[in-house]
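# Examining the three-dimensional arrangement
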Amino acid sequence: MVFTPPTVSDVPLLFPISAVVAAGTTRVISFPDEFLGVAVNLKITNNDGVNAASYRVGQDAMNARNLPASNFDTISNSNVKYLSVTAGAAGTVLVEAQAYDIERTEVAGVIAV
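In this text, all values refer to a predicted model and were calculated from it rather than measured experimentally.

### A short note on the sheet that holds strand 6 (residues 72–75)
Overall, antiparallel pairing links the four strands, which are arranged 1-8-3-6 in an open sheet. The strands lining the two open edges of the sheet, one partner per strand, are strand 1 (16–21) and strand 6. In this sheet, neighbouring strand axes are inclined to one another by 20° on average, regardless of whether the strands run parallel or antiparallel. As paired elements, strand 3 (residues 37–46) and strand 6 share four bridges and run antiparallel to each other.

What follows is the structure, encoded as C-alpha cells:
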C-alpha cells in the first residue's frame, strides 16, 4: 500500500486548529508535535492594525513572507508540518488550519504494506 497525501476534498472539517501568536513574539508551530497532524489548509490573519507580520513555511526551507497590517493570507491544498509566525508589536496573529491526522506508521517513518 502506497501512502497518497490527502487533498482538500479528502479532509472533512473535523480537525480544525487555531493558534494565536502574541504581539511582538515569534512562534514556531509544529503541527505533528502539537496537533498530531499535518495542515492541509491554512489561514493566517494579522490582527495588528499598524504593523506587518511575517511567516515562514517549512522552517528555513522558504523565505519569510510579509503579511501587511489588518490582512490575511491562505495556503491551500498543501502539506505543512512547520510554520513560523512573527507578530507585529501592536497585535496578534491568528493561525487557523484544517489538519489531516497523521497515521502511526507515518510517525515511525514506515509505510504499512
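### A look at the environment of Ile75
Following the sequence through the fold, Ile75 ends up in strand 6. Every residue in contact with Ile75, bar those within four places of it in the chain, is listed here: Val40, Asn41, Leu42, Ile44, Tyr55, Val57 and Val80.

Analysis parameters
- Counting from 1, residues in each chain are numbered in the order their sequence is written.
- A pLDDT threshold of at least 70 governs which residues receive local features in this predicted model, and a stricter bar of 80 or more applies before side-chain atom pairs are shown or counted, although totals over entire chains, interfaces and linings include all residues.
- Only hydrogens and water are removed before side-chain values are computed, so all heavy atoms of the structure are retained for them.
- When DSSP finds at least two bridges between two strands, those strands are taken to pair.
- A run of H or I in DSSP counts as a helix once it spans at least four residues, and a run of E counts as a strand once it spans at least two, with each numbered from the N terminus.
- Angular values range over 0 to 180 degrees, each being the angle between N-to-C directions of two axes fitted as lines to C-alpha atoms, with helices fitted over their stretch in contact.
- We call two residues in contact whenever any of their non-hydrogen atoms come within 4.5 Å of each other.

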